[in-house]
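Understanding the architecture of this molecule
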Amino acid sequence: DGGITQSPKYLFRKEGQNVTLSCEQNLNHDAMYWYRQDPGQGLRLIYYSQIVNDFQKGDIAEGYSVSREKKESFPLTVTSAQKNPTAFYLCASSQGTAGGYEQYFGPGTRLTVT
Amino acid sequence: EDQVTQSPEALRLQEGESSSLNCSYTVSGLRGLFWYRQDPGKGPEFLFTLYSAGEEKEKERLKATLTKKESFLHITAPKPEDSATYLCAARGGGGATNKLIFGTGTLLAVQP
């Protein structure tokens, strides 16, 4: 089955620790995205990558970092500099310019920092 | 500034009671209007893409339509399993990115 996997589903960390969220896709999509979802707010774009070894900041990139070393993988690191890291994190992918622009989402990771 | 606004924030329907959800957008050079369904604690599920005013797409009890200023998601004779949050998103023409701008969603509850 083609799709996007995110792991883990739930993640708990102490304040001051960095944490990395995994995102893998086997859809052969060029573009990948990270969003953050908070209650009562729309999805907010953290980082996106349109091609391997290249990525751009989204609207709320401060306190986050990413890498795109492989087409299938786009891990997100939440650093200790992120002031309010507790949220639901969603990874997505799309074909981009090679096809449709609709984004397909993974199941999400709920991060709780105390 | 590009913006997407959804209304109402929440909607409660009786089973079989048809209604519509609204998504208004102010996006320069719209290059796609997308609808998603999101169940609690899960990632959004893609439903439809609309590209031009007058376009319509249907899937089971759902029909999405698009005008130059807004999109509607019509739900005909809804069932309890249609209960979810419905998100819309727009892709603008500025730049060469695939970025989507999301609304805050409409929480739909269908009671038996």
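Regarding the interface of chain B and chain A
On the side of chain A, 24 residues touch chain B, which itself brings 20 residues to the contact. Taken over both partners, the interface formed by chain B and chain A buries close to 1700 Å², and the fraction arising from carbon and sulfur atoms is 56%. By the criterion of area lost to chain A, the three top residues of chain B are B:Asn98, B:Lys99 and B:Phe102, representing 33% of everything that side buries. Put simply, chain B and chain A have one salt bridge between them. The partner of B:Lys99 in a salt bridge is A:Asp59, with the nearest N and O atoms 4.0 Å apart. Summed over the shared surface of chain B and chain A, the result is three residue pairs in polar contact (both at pLDDT 80 or more). Mapped by element, the contributors of at least two residues to the side of chain B that touches chain A are β4 (33-38) and β5 (45-50) of chain B. Partitioning the side of chain B that touches chain A into residue classes produces nine nonpolar, eight polar and three charged.

Details of the side chain of A:Gln6
All names here are of chain A. Structurally, Gln6 is set in strand β1 (residues 4-7). Here Cys91 takes part through its backbone nitrogen, which lies 3.1 Å from a polar atom of the side chain of Gln6. Separated by 2.9 Å, the side chain of Gln6 and the backbone nitrogen of Gly108 make a polar contact.

Parameters and conventions
- Residues numbered from 1 in each chain as written.
- Chains lettered and ligands numbered in written order.
- Predicted model: local features only at pLDDT ≥ 70, side-chain atom pairs only at ≥ 80, totals over all residues.
- Heavy atoms only, no water.
- Contact = heavy atoms within 4.5 Å.
- Buried area = accessible area lost by both parts, 1.4 Å probe.
- Salt bridge = Lys/Arg side-chain N within 4 Å of Asp/Glu carboxyl O.
- Polar contact = N/O pair within 3.5 Å; in protein donor to acceptor, adjacent residues only side chain to side chain.
- Helix = DSSP H or I, 4+ residues; strand = E, 2+ residues; numbered from the N terminus.
- Nonpolar A, V, L, I, M, F, W, Y, C, P; charged D, E, K, R; others polar.

So far we have only geometry, and geometry alone does not tell us how the molecule works.
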